[in-house]
Amino acid sequence: MSDAQQPHFGDDGLITAVVQDATTAEVLMVAHMNRQAWEATLRTHRATFFSRSRQRLWEKGETSGNTMHVRGVRIDCDADAVLVQVDADGPACHTGERSCFFVEVSDVAATES
């Protein structure tokens, strides 16, 4: 893997991972990866992240069954964020919603000029 294909992990050892539906391009969730999660994701083709609250790796779906099968991974131009394109076996959000981004901020549309 070339240097251009390597993420730049922050001082905390993490990189932001945006998870997107590979078919619809809908953003499903945002999580964080450390080097071990990055390597596990590339090796297994299942989305794996680092839980900041539990301080451990977790594979999406390990308890819910809602596994995310990785179809593509992209690194942004500064290599400080990654886009993980997936086919999800179920909802991405712990609330049961398909996407974690189901709360609309309605005031934004009202303030546009």
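Everything numeric in this text was worked out from a predicted model, so none of it was measured. Just so you know, the residues in each chain are numbered from 1, in the order the chain's sequence is written. For a predicted model such as this one, the threshold for reporting local features is a pLDDT of at least 70, and the threshold for listing and counting side-chain atom pairs is 80 or more; totals across whole chains, interfaces and linings nevertheless cover every residue. Excluded from the side-chain calculation are hydrogens and water; included are all heavy atoms of the structure.

Caption draft 1: Representation of unusual backbone geometry in the model. The phi dihedral of A25 is positive, around 70 degrees, even though this residue is not glycine. Helix and strand assignments follow DSSP, with helices taken as H or I runs no shorter than four residues and strands as E runs no shorter than two, numbered in order from the N terminus. As for its position among the elements, A25 is in the loop between β1 (15-21) and β2 (27-33). The phi dihedral of Q55 falls on the positive side, at around 55 degrees, and the residue is not glycine. As for its position among the elements, Q55 is in the loop between β3 (48-51) and β4 (56-59).

Caption draft 2: Spotlight on the sheet that holds strand β6 (residues 81-88). Strand order in the open sheet formed by four strands is β2-β1-β6-β5, and the pairing between neighbours is mixed. Looking along the sheet, the strands with just one partner apiece sit at the ends: β2 and β5 (68-75). Strand-to-strand twist of the sheet, defined as the mean angle between neighbouring strand axes without regard to direction, takes the value 30 degrees. Note on pairing: two strands pair once DSSP finds at least 2 bridges between them. Pairing geometry for β5 and β6, over seven bridges, is antiparallel. Counterpart to M68 in the pairing with β6 is A88. Angular values range over 0 to 180 degrees, each being the angle between N-to-C directions of two axes fitted as lines to C-alpha atoms, with helices fitted over their stretch in contact.

Caption draft 3: Structural context of the layout of surface pockets. Cavity: a set of points on a 1 Å grid over the protein atoms alone where a 1.4 Å probe fits but cannot get out. Pocket: an open set with protein on both sides within 12 Å along at least five of seven lines, its lining residues, like those of a cavity, having an atom within 4 Å of a point. Grid points are joined across faces, edges and corners, and a volume is the space filled by probe spheres set on the points. Approximately 230 Å³ is the volume attributed to the largest pocket. Forming the walls of the largest pocket are 15 residues, and the residues nearest its centre are V30, A31, H32, S51 and W58. Looking at the lining of the largest pocket, the elements that each hand over two or more residues are β2 and β3. The element that contributes the greatest number of residues to the lining of the largest pocket is β2, accounting for four residues. Here the nonpolar group is Ala, Val, Leu, Ile, Met, Phe, Trp, Tyr, Cys and Pro; Asp, Glu, Lys and Arg are the charged ones; every other residue, Gly included, is treated as polar. Within the lining of the largest pocket, the residues separate by chemical class into eight nonpolar, four polar and three charged. What lines the second largest pocket is a set of 14 residues, and nearest its centre among them are W58, K60, T63, S64 and H94. Here the lining of the second largest pocket is composed, by residue class, of four nonpolar, six polar and four charged.

Coordinates in, geometry out; function isn't part of it.
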